[in-house]
Amino acid sequence: MKHAVFRILETILLPAIILTLWQFAWSRGWLPRLFLPAPGEIWMSLTRIAESGELALAATDTALRLLLGWVVASLLGIALGILVGSNRFAHRLLNPTLEFVRSLPASALIPLLILVMGLTDQMIVVVIALGSLWPVLLGTIAGVRAVDPRLREVAAGLEMSRARIITRIALPAALPDMLAGLRLGLTLALVLCVVAEMITMSRGLGGQILLASRNFRAADLFAGILVIGATGLVLDICIGAIERWCLRWQRS
Amino acid sequence: MRALGFVPPALILFAWQLCSLLPGFPVQTFSTPADVMSALLSSLLDGSLLQATGETFQATVCGLSLAILFGVPFGFLVGSLPRADRLAVGVVEVLRPVPAVAVIPLALLMLGFGSSMESVVVAFAAFWPVMIVARTAARSVDERLVEVAKALEFSAPERFLKFLLPAALRQLFVGFRLGLGVALVVAVTVEVAVNPQGLGYLMTGAQAALRPDQVLAFLVWVGLVGWMANAVVALAEVRLFRWDVVDGAGR
Amino acid sequence: MATLATMSLGPPPARVPSHSIQLAVTNAGLSIGSKCILQEIDLEVRAGEVLCIIGPSGSGKTSLLRMMGGFIRASEGAVMAQGRQVVAPSRRFAFVFQDYGRALLPWRTVRGNVELALEACETPRAERKAIAERLLYQVGLANVADAYPRQLSGGMQQRVQIARTLAQSPDMLLMDEPFGALDAMTRETLQDELLKLAAAREMTVVFVTHDLEEAIYLGDRVVALSANPGRVAEVVDVDLPRPRDQLTTREDSRFLALRHRLRGFLTEEGRR
């Protein structure tokens, strides 16, 4: 118990020192106030936008787009991944193309998609979906292909059908790689969502922080960055919990 | 059998070119493979593409260098001193979930448009993989080696230079490879989002000018550049670490 | 019936009067590339017997077993079962792998692993749990039905695999050094359990091992392979009474005589 308290104190020690020094230096006027607000100011900005409902609005906007794009990409990625991973011909046919497209930064698709779809909300969702598709797809392919040959023999010995091999053997065996892909995809989804929102200057968090920056509202900018970071953290914790639950059999 | 991999792209290109001949095909948004090819060639020849590539690479390299400069010592520090690790975890856990792109407006406010602002964002993004790999490397240095170093009464800096660094170099290169991938993507992203320079800006410019042929040509180019950068680093890895049989050749 | 028969002192052929042949390997050979692994193998597996295959490493005993299980095709000759050639694995011949750690689904509980075979056999969903639990009880794992394989010891994991193969109610068990990776005590326990299960179910067992004493202890017949390429060097009837006992059987003069005879063969002939 005492040890745990000590641990927590140790963890928050450095942030506390940094914040104190920051506030102190700011009040002495040693910091460029134009872009470095005091911690207190950031806190006030946070509470203000939280109370006014601005924060909830922008955050739900961002979260909805992000989750929609990610879910679509994940379903598509898993389905395609099983198809390509469980079929040797399909893998030989498509792997080189996939390897090339993977090295394409998803954000580079934004200009093309703007051209096709305009500066719309749908465009943002498509960017997110296209960007977060690859980790899931490639993870699933790799996972399905890496199924232990011994398990394939067990399945053959039981004369299992192809469909059954996929649902009972290949999918569960690919689960760790698949989940890693889903997790990476979610991180990418947040990144792309913020970028696309900046470009379209949308109501979501990305657009809001760029707006704050253009209007020299540094406190609001920092508050926005913090909220985006918190969003990323919450998403990561959620998917981490799902991952641990799904892979509980790995613990020996 | 490798030729099989060229079939799908070839088919797509062929079908695309064929469709573009149909009446009513929206050439204004989709262009044609032939136009894309000629756009790629002409912007390669007039030097604009190469110049933009240079700008993107400059920001990438600057950012990655900054990331290594800060990330490696920091990673070594927290990796070899458990107490430093526990102290740093609070700050790291606050900053790490922040996507690098969210830092763009702040960097813009502080530094304005230009390559320094871009480099800072790239550095923030590439710092994490580099730092984490350095931390893992420092942690996994063979304890026996550390004991040997201590038995020989080397000073701390000597222990670092003679034991920790060589043992960790292999893993650091992995961090470098990961960091490079991240850095290039983030550089292009910053350009697409706000910064008026480099390949990303070239693409947004082409989009604003309603030139789908150029947008697609630059997209293909970005893919090629990223793919080649990765290939070069993977090759270097094989060459440099031939003695290593654990991790193999960049996968 | 089988248990009564095994009590008699006669050699194995006596206890299965019909001599019915479960599986016949005729003039089979196996080559991979230019390397000849097995050559001119002639072997019959009789219904209800425990047939042990031994041989020095490189004698292709595992390859022979995999050929019998339909996992690999013979390059020459044939493996026949009930008048038909064996060309693919079948549920009727259950294969027990040596590396139990890789042959179990790590994401399924012990019961789930047994149920996998029941699913493959289209056993109605409602009955699976009860059947799986009964089988687990038989192999002494009733209390860990909800554990995951990686939480169990090696011996227990191998028991899970045996329970799974029993769940597919096979005519024959093909076992590839199943106890090779286990410690001596566990191995002896599992040997006795296997003999009990095989007797109770009148099951045919083909058992590959590199442990000579294990082969004699378990087998009704022992087939010795010579190496490079693998050929049948000798087939020996084991006329030791059943049920067998770890102490008395192993001290039996016939056991020692067999051990003596086969050991000399294994070390001298096998090397060539």
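Values in this document were obtained by computation on a predicted structure and should not be read as measured data. (Residues numbered from 1 in each chain as written. Chains lettered and ligands numbered in written order. Predicted model: local features only at pLDDT ≥ 70, side-chain atom pairs only at ≥ 80, totals over all residues. Heavy atoms only, no water.)

Undergrad: Explain the confidence of the model for chain A to me, and be specific about the residues and the numbers.
TA: This prediction gives chain A a mean pLDDT of 89; 99% of its residues lie at or above 70. Looking over chain A, one finds the lowest element-wise mean pLDDT in helix α1 (residues 2-27) of chain A, namely 85, and the highest in helix α6 (residues 121-145) of chain A, namely 93. (pLDDT = per-residue confidence, 0-100. Helix = DSSP H or I, 4+ residues; strand = E, 2+ residues; numbered from the N terminus.)

Undergrad: Please set out empty space enclosed by the protein residue by residue, giving values where relevant.
TA: A complete count under the given rule lists 3 cavities of 30 Å³ or more for this structure. The calculated volume of the second largest cavity comes to roughly 90 Å³. In terms of lining, the second largest cavity is formed by E153(A), V154(A), G157(A), L158(A), F71(C), F93(C), A94(C), F95(C), F97(C), R164(C), T165(C) and Q168(C). Mapped onto the lining of the second largest cavity, the elements with two or more residues apiece are α7 (149-157) of chain A together with β6 (93-96) and α7 (154-167) of chain C. (1 Å grid on protein atoms, 1.4 Å probe; cavity = no way out; pocket = protein on both sides within 12 Å on 5 of 7 lines; lining within 4 Å. Points joined across faces, edges and corners; volume = space filled by probe spheres on them.)

Undergrad: Describe the interface of chain A and chain C, naming the residues involved and giving the relevant values.
TA: Tallying the contact residues gives 21 residues for chain A and 24 residues for chain C. Taken together, the two surfaces of chain A and chain C that pack against each other cover about 2200 Å², and 58% of this comes from carbon and sulfur. Its largest share of buried area at the contact with chain C, chain A owes to R150(A), L158(A) and W249(A), together 31% of the area lost on that side. Inspection of the chain A/chain C interface yields 5 salt bridges. Between R164(A) and E122(C) there is a salt bridge, with the nearest N and O atoms lying 3.0 Å from each other. (Contact = heavy atoms within 4.5 Å. Buried area = accessible area lost by both parts, 1.4 Å probe. Salt bridge = Lys/Arg side-chain N within 4 Å of Asp/Glu carboxyl O.)

Undergrad: How would you sum up the interface of chain B and chain A? Please name residues and give values.
TA: Between chain B and chain A, the contact holds 48 residues from the first and 47 residues from the second. Roughly 4200 Å² of surface becomes buried between chain B and chain A when both sides are summed, with 80% attributable to carbon and sulfur atoms. Of the charged contacts, one joins E10(A) and R83(B) as a salt bridge, the two residues approaching to 3.8 Å between their closest N and O atoms. Counting across the chain B and chain A interface gives 3 residue pairs in polar contact (both at pLDDT 80 or more). Elements with a minimum of two residues in the side of chain B that touches chain A: α1 (7-20), α2 (27-30), α5 (82-95), α6 (104-111), α9 (156-193), α10 (198-208) and α11 (212-240) of chain B. Here the side of chain B that touches chain A takes 10 residues from α11(B), the largest share from any one element. Classifying every residue of the side of chain B that touches chain A by side-chain character gives 36 nonpolar, 8 polar and 4 charged. (Polar contact = N/O pair within 3.5 Å; in protein donor to acceptor, adjacent residues only side chain to side chain. Nonpolar A, V, L, I, M, F, W, Y, C, P; charged D, E, K, R; others polar.)

Undergrad: So what's going on with the layout of surface pockets? Residues and values would help.
TA: Quantified by volume, the second largest pocket comes out at close to 1300 Å³. Around the second largest pocket, the lining is made up of 33 residues, and of these W22(A), F222(A), V91(B), L95(B) and F124(B) lie nearest the centre. Sorting the residues of the lining of the second largest pocket by element identifies α1, α2 (39-52) and α10 (218-246) of chain A together with α4 (48-80), α5, α6 and α7 (115-139) of chain B as the ones contributing at least two each. Looking at the lining of the second largest pocket residue by residue, the class counts come to 33 nonpolar, no polar and no charged.

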